[in-house]
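# An overview of the molecular structure
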Amino acid sequence: MMAASLLRRDKKATAAQLKADLNRIDDGSGARLLQDLLDCVLNPEMQAGDTEALEWCKCLLAGGDAFDEFCKTVRSYDNATLCGLVWTANFVAYRCRTCGISPCMSLCAECFNNGDHTGHDFNMFRSQAGGACDCGDSNVMRESGFCRRHRSKTGENVPSIPRDLLLMSEMVLPRFIIHIVQHLRDGYTEPETGAERDLQKVLQQLDPHISFLEELTKMGGAMRTVLTKILTNQQTFKDLSMGQEDNVYAKKNYDKYLAALKSSGLVSAEEKAGAGGADAVLGAHSLPGAAAEASAGSVKEEDQDGGQNVGQRKRVKLSSSTKDKSIMDALKHKCFLEELLFWTIKYEFPQKMVTFLLNMLPDQDYKIAFTKTFVQHYAFIMETLMRSHESDTMSNRIVHISVQLFSNEELARHMTEECQLLDIMVTVLHYMMESCLIKCELQDEENSRHVVVNCGEPLLKNNTYWPLVSDFINILSHQSVAKRFLEDHSLLILWMSFVSFFQGMNLNKRELNEHVEFESQTYYAAFAAELEACAQPMWGLLTHCKVKETQEYTKTVVRYCLETLQMWFDAIGFVDEPAPNQLTFHLPLHRYYAMFLSKAVKCQGIDLDSLLPDQEMLMKIMVHPLQIQASLSEIHSNMWVRNGLQIKGQAMTYVQSHFCNSMIDPDIFLLQVCASRLDPDYFISCVFERFKVVDLLTMASQHQNAVLEPEQERPMLEGALTFLVLLTSLRIHLGMADDEILRAEMVSQLCMNDRTHSSLLDLIPENPNPKSGIIPGSCSFEAMLSAVADFKAPVFEPGGSMQQGMYTPKAEVWEKEFDPIMVVLRTVYRRDVQSAMDRYAAFLKQTGMHSGNPWPPYKERTPLHPCYRGLVKLLHCKTLHIVMFTLLYKISMDHSNMSEHVLCMVLYLIELGLDNLVQEDREDEEPSIEEHCHDSWFPGTSLLSNLHHVINFVRVRVPENAPEVKKEPPASTSSEPAAAGQTSRRLTGNWRENLREAQVFSLVAERRRKFQEIINRSSREADQAVRPKASSGRWAPTPPLVTEILEVRESMLSLLLKLHRKLSALQDPFSPERLDEPPASAARRTHGDGVTAIERILAKAAAHSRHSRRSILDLCARNAPPVPPRKHSPSDKKTMDKEERRQKARERQQKLLAEFASRQKSFMETAMDVESPDGDMAMDLDALEQPETEVLYDCVICGQSGPSTEERPTGLVVLLQATSVLGHRCRSTEPKKLPTSDEEHIYPADTCGAIHDVRLTLLQRFFKDSSCLQSVSIGWDGGVYVQTCGHTLHIDCHKSYMESLRNDQVLQGSSVEKGEFTCPLCRQFANSVLPCQPGRAPERGVWHGHTNKGLTVLVKEVEELQDQLGAFPTESNLTKEMESVIKDIKNTTQKKYMDYGKTPGSPDNDFLFMYSVARTNLELELVHRGGDLCCGGASAAAKRSCLNQLFHVLAMHMRLYSIDSAYNPWTRLTQISCSRHADTCNGGSPEVPMLFRDVPSLLIIFVLTMPQPLRKEHFTCVVKVLYTLQFTQALAALCVRLGPDERQAWSTSGALKKSLSNADRCWEALLSHAINELSKGRSVYAADADHMSMLSSSVWSPQSIEYSLQQFCLPFLRLSCLLQHHLYGDNLPGCPKEDEFSVLASCLGFSPLALSPSSPLYSASFLEWPVCAFDLMSMWCAEVTGLAEMQADDSQTLLVQDPQWAAPHLLQLPENYNTIFQYYHRKACSYCKKVPKDPALCLVCGTFVCLKGMCCKQQSFCECVLHSQACGAATGIFLLINASVIIIIRGHRFCLWGSVYLDAHGEEDRDLRRGKPLFLCEERYRVLGQQWVSHTFDHINKRWGPHYNGL
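Residues numbered from 1 in each chain as written. Predicted model: local features only at pLDDT ≥ 70, side-chain atom pairs only at ≥ 80, totals over all residues. Heavy atoms only, no water.

This brings us to the packing of helix α63 (residues 1495-1505) against helix α68 (residues 1598-1624). Orientation of α63 relative to α68, taken along the N-to-C sense of each, is 20°, at an axis distance of 9 Å. In this view, α63 runs roughly parallel relative to α68, as classed from their interaxial angle. Classified by chirality, the crossing of α68 by α63 is right-handed. Here α63 contributes Val1495, Pro1496, Leu1499 and Val1503 to the contact with α68, which in turn contributes Phe1612, Leu1615, Ser1616, Leu1619 and Leu1623. By residue class, the composition of the contact of α63 with α68 is 8 nonpolar, 1 polar and no charged. (Axes fitted to C-alpha atoms, helices over the stretch in contact; angles between N-to-C directions. Helix = DSSP H or I, 4+ residues; strand = E, 2+ residues; numbered from the N terminus. Parallel < 35°, antiparallel > 145°, perpendicular 65-115°, else oblique. Left-handed = near helix turned anticlockwise from the far one by under 90°. Contact = heavy atoms within 4.5 Å. Nonpolar A, V, L, I, M, F, W, Y, C, P; charged D, E, K, R; others polar.)

Shown next, in the form of structure tokens:
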């Protein structure tokens, strides 16, 4: 066996040899040898997971070269011009609408960034289903958008491929592919077989093989061509597919494959055979049911005759061109590509396979072949999808493929023509929905033959149909395909039958007794299904019916719509009345019909009447949409309350912005069409009957309503009238241009609320089909927005909550365009209408147009399109006029259930009628009133004449107990006014006749009559039909009804005038002059209340008709008798009293409110940082009262005021928090930049915390530990900051308060166990109470008086004070509390931030920690004051400072440690001792030299360890002495920084000044002395001068030396001043920056040596030495030069300490968020080396961390929490890269802070959902930094939650 021997040899050598053999043109022995070898290597019986086979294949392909080299070579021949990069879900890609031709176009980040898209409308998005990059594909995008790489046609200049390069590939790869296929065949088991089905395992084993194929596709065009040949070659498939005869294994898996193929048809063979027979049997039962549907025979021609009437549904015949059976038949395969796709489907689209198949798409031949294969398998794919358990994932993968294929118009058209793509899609959709049909219970539950989809089925509930519908919409967006669809009648019929499956789905039945037990949520599925499966394809088709040439299409669709509707009415058994208490929101057939009608009239100029059916059909069509409108009103009137919340959800979804233009808009348009063509009286009666308010429309004061509860009557009546107003005034489909619609939509949304740009885009209903090419955010949107709205930039509210950038309507929009009707149509929540009205009222008040409560303004409408002029007839019909008259009468008589809203709508309708007069009304001659017609209230239909028509008597049916019954019949006519003329006289003459002539009105009867009239046009006897009584057909009401006659004698005009008087409350009667007002004041008339509205109507009526004008004038004259002096009748008096009482009550309330407000204001001033000029507020806790009095505190819990005592101490509410803010300070004032490339880095070594750590470690190396721990401060990192809100409480009150909190765990985010609580008064977050020192306010005289004792005396006194041992305080409640606070302080920070000593837990450690707490708080206050004290003392911080109390607590604690007197630093500062080396003799490490010590630390140690209270003279003495040390340190640092030559020069020049009298206050003399002293012994000056020259800057002048000395000493002076301010209440003087030094020095009581007034102040002139300056300096220098072990550079490091730090800053962020996102979202975590799922960035130090990542977890702490502890002592500020938001971690809690990156419209984009470019908002970032530095996160951010260490 040659092959066996080859197997044993080296793979590379073998491959090279075989390649050489193959190149020799000989007898083919090489080829045979290769095949033998492959037989062994790719033996199908070997385990799939075997990598050996892969290694062989790689070597063979490369033909002896290294595989990587081979890849490179092949790539160099890549001729592809497309990018084609394939990505999977969650990949970040881009979409540019400016460059896209197809809306699905997408680009990978690389191509996007390399193209030029500036100013384009693009966004970044996270791919949901996966996709591929379209760069280079001119079918999908414009070439201008291609990136640099794909712009040049690379194909031309690529050299042709040498034949032998891919020779081996052509031989080996077919075998490799069949190898994969065989494993796939073998591994597959059918789900039903019951065998263990582990498809994942098979796929896992094949993973390396498929990845290898994927790798090959990435080698470029050359390799893809080879693969395409192999995959599509039918011969290769034939040869290899069967396997060799002798191979049993291959045979077995081939059989498996054949079996799988067999079951791939939608209809199995057995079903086919029995189909005819089965259908016939089923036909016998009139079963509507699913069995017939499931047989799916309806689609196949051969069964047509068998079951013609199955389920009595017309069968749908596919067009003859369809290869009908082929859609449903089993599949046959001719090449590898087909079988590979087949298995891909069977295995439910494994990601790797999908990617491989898609990676090949840049090859055009492959693309066509693959698309054909995909279409061929389409039905099979959908069937697999329906059965799949993972339908979500599978849907995404299917769309991932199909969107690449069908977005290309050329390809889609090709498939439609050649492969019946449309037929397949519609048939498969139909088939899919047939699987879940149920009987429709709408209308006639028993006999209905209609079937609908069941929304509870998983198919609908889980949106499984989505990929199919998505593909269908996608191909319909191509004009050529849509045209084919519209031309193919059989397809249209099939589609209509598909749409009818949704007609009437999800039927709601009103619950009348019990509340429903289980609220079904199927309505989501129903609305989604109608929108996606019916509406979106409809919009897709509509885009192609826009021009005259496509008229035929529209007509066809309309014809089939009507036919299908007729079938539907028959199927549900509908005659003329809808079934009561049923409601479905889903009428897609009606909506198809409506939308195509609208387009036909608007765009194609078709005459409307040619598309309308007969009147009877119109009446039927109108019923269900009207039922929905009435039901909406019922739902809002709480009549459906027993159906649960979901019914409200449906009502809201129906009008919601994404659905409204596919649902409510077409419905209302359809009703408008019906109203314009049907008899108006019939239509109006229908409306009131549907709204169930017929019984209410009676003139009687009482009535009975058989269908409504009394409290439902008013909202239902309002609903009916509002609907009529909507119907008659909406013009969306009746003549408005698209721009006008957009404007109206925008205005209505902005009037409800200010909106962000994105929410506006979302709320404005766009054409909902995403592929229709109408893009939201198109230019007209932006232009329109700027025309109607003003932009309000994002602002901050004082509470810290952040606003987005908002758009708010311009003033002229409120004035001229606010349209309440449009608002009512578009509101999802009723409260939005109120909100719009409130905003409107506020605008009117502000501009002074109207101060009261305005009514919705009346708005002129766009003129109607001529086709719809008939709609105006509604406003001019007797029925409506009777209703209006009745309602006006009822309102004027104050009948129950009337409301202002009812009046408002009635007036609106009257005004609409006056504005839309029917042509013939124009002439002024009305018909004479004398022609009194018996059966009617009004003489004609014209509103103008009916307005002034007087109605005298009305016959009403009332219950016996109604007030009307009591009345006597009217007396004779004598008292009648003459105006009524003979008519009335004749009427009253005879009582019987009267009865006959009084008006009866029954809407129901009216409607029945009209319906009859229309149905039986032939016979006229319907006119004489006796009218049924109103109550007929109802069940007998309880009190019997009797007929009464009401005397009315009013016309509509008279009623209007009456109402005018009533509304204007007698103050302002209507004067006739107003009728003649010039039109200029008409503007004033638009805005106002009911009075204005009535005046407007009267003026319009008078202008249109002389007769009306006369009537109005008459009525006015009659109603204005001379006014007699008013006597207060008792009832008047009552109302007066009532009014007065109300007035008084109102005043009282005002007073209370004002008082409350002032209290609140004073509280806010103390609680918030309000800069108040009077620094001493009541809560200024230092030095409160006059001297000699005890300090009094208010307890905010018990409210008592009193001193703090030993036994019952009072405490300040404080928040203790660990902080590292100081440690993050740097020297430079510029913040560090966030790295956004691999070249940039952040180095933490130069931060304050790091440098102090280094210093302490260095000291500990050489010196005694206890001494080291007193020579520095810690707390730069992990220090404890104490802040207070300024409120005090008794400590025992606090304990009981905490107890109550413990029992009532309501505080979200805070933990009572940790002692957290909120201040009972101001609700500020706190976690401890700081006890206040009892005692008197310091007596200023004694403690503060300036002393005349000399410095030497004071030095001695200080020394004595220090020797007094701290007496242990007596045990009391106060001391206990102080100890517990110390414990709290220690628990606030982590252990590692407290233990710096070599012996953990030693008292020295404790001592260091305590005084460092004081230091941290002083330093932080300095930072908060801006780093210096120039701004003076009136800072708000004083009010809320608790440093005084904190010092007392710390002092008490620290006095327990006595300082070892032998090493007392005070003696070393004030005495000259000679025995320097005494301490080193006993073998210990030396003490820290004075020059290395931290002076501010010494100051705090002295102050805290001396007995309290410390006299001010002693404090000043300490500061003066320490200043001498600080100054000497400044000189020493300077010495080290000078160059050797300069040192020499200054030394000599200074030596001359030593003899002066004030030499110890002359810096030159002192500097010269220091230079010399430090060169003795082990000189600290470096041997290598160049090392130091780096430190020395330029040549030193006296000025620069003085400046550097001052800068060195300033931090000490600032700290001392601040300390003095807190201890003694001294004010801090403000000053300009340059005078800060001298002002602070004099404030501290330094007296300068006056040289002369004009000379500049020198820092040395403030020195006061306790002993001889030169001796003291020599001693301090000797301590340094005498150190034996220390290297010069170490001493230099310790000497050159620079106490100056810049303010702490967060990192500087780049302007554009994309810079951060692109670098970090794919960056690997430095700890776990993986790309995190949720990457985050620390904004303090720039560390990159995994949020919530399990990978970086340590002892149950996730990485963000760990980092927040390390970097910020448990405070972390993180930017979440994938969400653009910032989260704050504070201890055990976290909160979402918001985003500092906003888009161009000032909006956040959380989670980057919109993907618009984001820019840094400097203002927000500044606020974030401010909150970090001021430690106010806890107070300002309200929404905290526990993170359980999981972030």
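The discussion continues.
Let us look at the confidence of the model for the protein. The share of residues in the protein with pLDDT of 70 or more is 79%, and the mean pLDDT across the chain is 80. Low confidence marks residues 1476-1482, where pLDDT is under 50. Its contacts with residues over four positions away, or in another chain, come to 8 contacts. Counted against residues more than four places away or in other chains, residues 1584-1593, with its pLDDT under 50, gives 9 contacts. (pLDDT = per-residue confidence, 0-100.)

One pass over the structure, following the stated rule, counts 66 salt bridges. The shortest N-O distance in the salt bridge between Arg591 and Asp667 comes to 2.7 Å. Of this pair, Arg591 sits in helix α29 (residues 588-603) while Asp667 sits in helix α32 (residues 664-677); the two residues are 76 residues apart in sequence, bridging distant segments of the chain. Side by side, Arg591 and Asp667 carry an identical accessibility label, which is buried. (Salt bridge = Lys/Arg side-chain N within 4 Å of Asp/Glu carboxyl O. Buried < 20%, exposed > 50% of the residue type's maximum accessible area, 1.4 Å probe, protein only.)

Another point: the packing of aromatic side chains. Evaluation of the coordinates by the stated rule reveals 59 aromatic pairs. Residues Tyr523 and Phe527 carry aromatic rings whose centres are separated by 6.3 Å and whose planes lie at 90° to one another, so their mutual orientation is edge-to-face. Here the residue Tyr523 and the residue Phe527 both occupy positions in helix α27 (residues 522-542), the gap between them amounting to 4 residues, near one helical turn. Residue Tyr523 is classed as buried on the basis of its relative accessible area of 8%. Measuring from ring centre to ring centre gives 6.1 Å for Tyr1297 and Phe1317, while their planes differ by 90°; the resulting arrangement is edge-to-face. A residue pair is termed long-range when its members are at least 10 positions apart, and Tyr1297 in helix α55 (residues 1291-1303) and Phe1317 in strand β18 (residues 1317-1318) qualify at 20 residues. Overall, Tyr1297 belongs to the buried group, its relative accessible area being 15%. Its guanidinium or amino end placed over the ring of Tyr560, Arg559 lies 4.9 Å from that ring's centre, counting from NZ or CZ. Over the ring of Trp1840 we find Arg1789; its NZ or CZ atom is 4.5 Å from the centre of that ring. (Phe/Tyr/Trp six-rings, centres within 6.5 Å; stacked < 30°, edge-to-face > 60°. Lys NZ or Arg CZ within 6 Å of the ring centre and 35° of its normal.)

Taking 1.5 Å of rise per residue, the 13 residues of helix α57 (residues 1351-1363) would be expected to cover 18 Å, and the 19 Å separating its terminal C-alpha atoms lies within 8% of that figure. Listed as buried for α57 are Leu1351, Leu1354, Val1355, Val1358, Glu1359, Leu1361 and Gln1362. The buried residues of α57 all sit within an arc of 160° when viewed along its axis, so they share a single face. On the buried face of α57, the contacting elements are α61 (1465-1470), α63 and α64 (1512-1537). (Expected span 1.5 Å × (residues − 1). Arc of directions from axis to C-beta.)

On a regular strand, each side chain points to the face opposite its neighbour's, so the side chains alternate between the two faces of the sheet. Counting buried positions along strand β16 (residues 1210-1219) gives 10 out of 10 residues, so the element sits mostly inside the fold. Sheet analysis places β16 next to strand β17 (residues 1279-1290), joined by 9 bridges and oriented antiparallel. By the bridge assignment for β17, Gln1217 is matched with Tyr1281. With 4 bridges joining them, β16 and strand β20 (residues 1328-1331) adopt antiparallel strand pairing. Note that in β20 the partner of Gly1211 across the bridge is Pro1331. (Pairing = 2+ DSSP bridges.)

So, about a negative patch on the surface. A surface patch of like charges, here negative, comprises Asp65, Asp68, Glu69 and Glu215. Here Asp68 lies in helix α5 (residues 67-76). (Patch = residues over 30% accessible without salt bridge, like charges linked within 9 Å, V, L, I, M, F, W, Y side chains within 5 Å. Areas by Shrake-Rupley, 256 points an atom, 1.4 Å probe, with all protein chains shown as cover. Lys, Arg positive; Asp, Glu negative; His and termini not counted. Charge placed at Lys NZ, Arg CZ, Asp CG, Glu CD.)

Another aspect to go through is the environment of Asn253. With respect to the helices, strands and loops of the structure, Asn253 is situated in helix α12 (residues 248-262). Taking the C-alpha atoms as reference points, Asn253 and Val181, separated by 72 residues in sequence, lie 9.5 Å from one another. Residue contacts for Asn253: discarding those within four places in its chain leaves Gln182, Arg185 and Asp186.

Of note in this structure, Asn90 is not a glycine but carries a positive phi near 75°. In this fold, Asn90 is placed in the loop between β1 (86-87) and β2 (92-96). Despite not being glycine, Ala1770 has its phi angle at roughly 80°, a positive value.

Turning to the state of the cysteines, a few remarks are in order. All told, the structure shown has 0 disulfides when counted by the stated rule. In this structure Cys1746 is not part of a disulfide, and its nearest cysteine sulfur, from Cys1725, lies 3.6 Å away. Overall, Cys1746 belongs to the buried group, its relative accessible area being 1%. (Disulfide = S-S within 2.5 Å.)

A separate point is the packing of helix α59 (residues 1403-1424) against α68. Between two packed helices, what matters for the description is the angle formed by their axes and the separation of those axes. At a minimum axis distance of 10 Å, the contact between α59 and α68 shows a crossing angle of 105°. Judged by the inter-axis angle, α59 sits roughly perpendicular to α68. Facing Arg1415, Leu1418, Glu1419, Glu1421 and Leu1422 of α59, the residues of α68 in contact are Arg1614, Leu1615, Leu1618, Leu1619 and His1622. Of the residues in the contact of α59 with α68, the class split is 5 nonpolar, 1 polar and 4 charged.

The strand order across the open sheet built from 3 strands is β17-β16-β20, with neighbouring strands paired in antiparallel fashion. Of all strands in the sheet, those bounded by a partner on one side alone are β17 and β20. Adjacent strand axes in the sheet meet at a mean angle of 40° when their direction is disregarded.

By the criterion of burial, strand β23 (residues 1771-1776) is predominantly enclosed, with 6 of the 6 residues buried. On β23, burial covers both faces: Thr1771, Ile1773 and Leu1775 on one face and Gly1772, Phe1774 and Leu1776 on the other are all buried. As paired elements, strand β21 (residues 1735-1738) and β23 share 3 bridges and run antiparallel to each other. Bridged to Ala1736 within β23 is Leu1776. With 6 bridges joining them, β23 and strand β24 (residues 1781-1786) adopt antiparallel strand pairing. Note on β24: the bridge partner recorded for Ile1773 is Ile1784. Where β23 hands over to β24, the hairpin turn is made up of 4 residues, of which Ser1780 adopts a positive phi near 65°.

Take the sheet that holds β2 next. Pairing in this open sheet of 3 strands is antiparallel, and the strands run β3-β2-β4 from one edge to the other. In this open sheet, the two strands that pair with only one neighbour each are β3 (107-108) and β4 (122-126).

Turning to helix α40 (residues 830-847), a few remarks are in order. Here α40 spans 27 Å end to end across 18 residues, near enough to the 26 Å set by a 1.5 Å rise per residue. All of the buried residues along α40 are Asp832, Ser835, Ala836, Met837, Tyr840, Ala841, Phe843 and Leu844.

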